[in-house]
Amino acid sequence: APSPPSCLESLWAAPELGCDTGYNHSVDVYSWGVTVLVLWLNSDISGEPDSHHKTTQGMEEVIKGVRDHGQLPLGWGFRHNRLSELVLRALSRAPGRRPTAAQVVRELTFTQVLWSDT
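(A) Fine view of the overall build of the protein. Counting its secondary structure elements, the protein contains five helices and zero strands. For the protein, the α and β elements follow one another from N to C terminus as α-α-α-α-α. Of the roughly 7400 Å² of accessible surface on the protein, a fraction of 57% belongs to carbon and sulfur atoms.

(B) Structural view of the environment of G65. Structurally, G65 can be placed in helix α2 (residues 56–69). Assessed through its relative accessible area of 12%, G65 is described here as buried. The contact partners of G65, leaving out residues within four places of it in the chain, are G70 and Q71.

(C) How the structure looks around the packing of helix α1 (residues 26–41) against helix α4 (residues 81–90). At a closest axis distance of 8 Å, the pairing of α1 and α4 adopts a crossing angle of 135°. The orientation of α1 relative to α4 falls into the category oblique. By crossing handedness, the relation of α1 to α4 is classed as left-handed. Between α1, through V29, Y30, W32, G33, V36, L37 and W40, and α4, the contact on the second element is made entirely by L83, S84, L86, V87 and A90. When grouped by side-chain class, the residues that make up the contact of α1 with α4 number 10 nonpolar, two polar and no charged.

(D) View of the pattern of salt bridges. The final tally for this structure, using the stated rule, is four salt bridges. For E16, the salt bridge is made with R98, and the minimal N-O distance between the two is 2.6 Å. Here R98 lies in the loop between α4 and α5 (101–116) and E16 lies in the segment before α1, a separation of 82 residues in the sequence. Using a relative accessible area of 8% as the deciding quantity, one classes E16 as buried. Shared partners join several salt bridges into a network, and the residues in it are R67, D68 and R93.

(E) Quick peek at the nonpolar core. Counting residues in each nonpolar core, the largest one holds 18 residues, and the members touching the most others are Y30, L37, I63, V66, W76, V87 and L91. Elements that contribute at least two residues to this core include exactly α1, α2 and α4. Per element, the largest residue contribution to this core is seven residues, and it comes from α1. For V66, the contacting residues outside a window of four places in its chain are L37, Q71, L72, V87, L88 and L91.

(F) Structural view of α4. Every buried residue of α4 is listed here: L83, S84, L86, V87 and A90. Seen from one end, α4 has its buried residues packed into an arc of 165°, which puts them on one side.

Cut-off values and rules
- Residues numbered from 1 in each chain as written.
- Predicted model: local features only at pLDDT ≥ 70, side-chain atom pairs only at ≥ 80, totals over all residues.
- Heavy atoms only, no water.
- Helix = DSSP H or I, 4+ residues; strand = E, 2+ residues; numbered from the N terminus.
- Areas by Shrake-Rupley, 256 points an atom, 1.4 Å probe, with all protein chains shown as cover.
- Buried < 20%, exposed > 50% of the residue type's maximum accessible area, 1.4 Å probe, protein only.
- Contact = heavy atoms within 4.5 Å.
- Axes fitted to C-alpha atoms, helices over the stretch in contact; angles between N-to-C directions.
- Parallel < 35°, antiparallel > 145°, perpendicular 65-115°, else oblique.
- Left-handed = near helix turned anticlockwise from the far one by under 90°.
- Nonpolar A, V, L, I, M, F, W, Y, C, P; charged D, E, K, R; others polar.
- Salt bridge = Lys/Arg side-chain N within 4 Å of Asp/Glu carboxyl O.
- Core = buried A, V, L, I, M, F, W, Y, C linked by side-chain atoms within 4.5 Å.
- Arc of directions from axis to C-beta.

In structure tokens:
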């Protein structure tokens, strides 16, 4: 029986990039999700008083929590529910569960319309 592919994982890249299993465009959606989290953690809108999340170690803990456990920092889902849900899906370990780039754009456009109405 063939041995399972060896994987070198990085929290900053889609899990499949470190494996010998191939990948598709969903790795770009994963990268988008990581970028949104990093920007969110470094902004005042995160609502996080703890500056630990602004350190590399803190960011890695948040990314791992989202990717491995589907957990955003406390309060994020309440502040921006639709964006939080989109980021959770983008950081899925399973490429097939991630939204496509077109779905991300559609959902962001819809979310922007909702925010502009408030």
